[in-house]
Amino acid sequence: MLKTFVRRLAAVLTAALICLNLFYELAPGYIVGPETKLAFAAGFAVLLGVSLFYGVPKSARGTRRHDYMMLLFWYYLWVLANVLFFDNAFGRGFHLGVDYIDYGAVNLEPLRTVKNYLIAYGYNNISLRLVVLNLLGNLAAFAPMGVFLPALFRWQRSIFFFTATLTLGITAVEVAQVYTGAGSCDVDDLILNLAGALAVFLICRITPLWKNICRVNPRS
């Protein structure tokens, strides 16, 4: 009874956390910083894990493991879409039906933006926090894909298909940001986003983590 109560309470708190998260992200006048976003994500992951796994026998965790990962994946996709297209904290502005493209927001020269950030920081024109948010943030943005895609989709366990999927997906996002006025189209974003995801994929692939990832959606 106690274990069931704890699971139900965690489920209610998970739903409450999601509502609170949505309110702060979407309410006008509120800006949710990166640290707060991480706190919301960590709270969601922990509470959801308790609601699905606390007191449940190991023999009954197979399906729940897949459900847990899928729910985390959908939450991550929502956070990612918000950061890329709507979030005031990252200077986004989504404008449907724009009748022009700002070609000044397109960079096709590899590592140009990275060098500009480092040069600007060297001259004290921008803060270290801004450099970290833009460079390390781009590395981290798609890094969870290195876990989610191979865990949920067996065909994504091939590095070829994984790389191709992310390259196409990130390129589509970069183009969409320009066409919607939500940001710029920068080849450096593609390089950093893909590098972060591939790094996580390869780390998982060569460590015991891979066995646990494959258990989420095991082969027949």
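Parameters and conventions
- Residues numbered from 1 in each chain as written.
- Predicted model: local features only at pLDDT ≥ 70, side-chain atom pairs only at ≥ 80, totals over all residues.
- Heavy atoms only, no water.
- Phe/Tyr/Trp six-rings, centres within 6.5 Å; stacked < 30°, edge-to-face > 60°.
- Helix = DSSP H or I, 4+ residues; strand = E, 2+ residues; numbered from the N terminus.
- Buried < 20%, exposed > 50% of the residue type's maximum accessible area, 1.4 Å probe, protein only.
- Disulfide = S-S within 2.5 Å.
- Contact = heavy atoms within 4.5 Å.

S.K.: If you had to explain the packing of aromatic side chains to someone new, which residues and values would you point to?
M.R.: Enumeration according to the criterion identifies 15 aromatic pairs in this entry. Linked through ring pairs, F73, W74, Y76, F148 and F153 together constitute an aromatic cluster.

S.K.: Which residues make up unusual backbone geometry, and what values do they have?
M.R.: We note that L111 has phi near 70°; this positive angle belongs to a residue other than glycine. For L111, the position within the fold is in the loop between strand 1 (106-107) and helix 4 (112-122). In this structure, N124 takes a positive phi of about 60° despite not being glycine. Within the secondary structure, N124 sits in the loop between helix 4 and helix 5 (128-141). The class of N124 is exposed, set by a relative accessible area of 66%.

S.K.: Lay out the state of the cysteines in plain terms, naming residues and giving numbers.
M.R.: All told, the structure shown has zero disulfides when counted by the stated rule. In this structure C204 is a free cysteine whose sulfur lies 10 Å from that of C214, the closest cysteine sulfur available. Looking at C204, the relative accessible area reads 5%, which means it is buried. When its relative accessible area of 21% is taken as the criterion, C214 is described as partly exposed.

S.K.: Which residues make up the side chain of T14, and what are the values?
M.R.: Mapping T14 onto the fold places it in helix 1 (residues 2-26). Residue T14 is classed as buried on the basis of its relative accessible area of 7%. Those residues in contact with T14, other than ones at most four positions away along the chain, are F44, L47 and L48.

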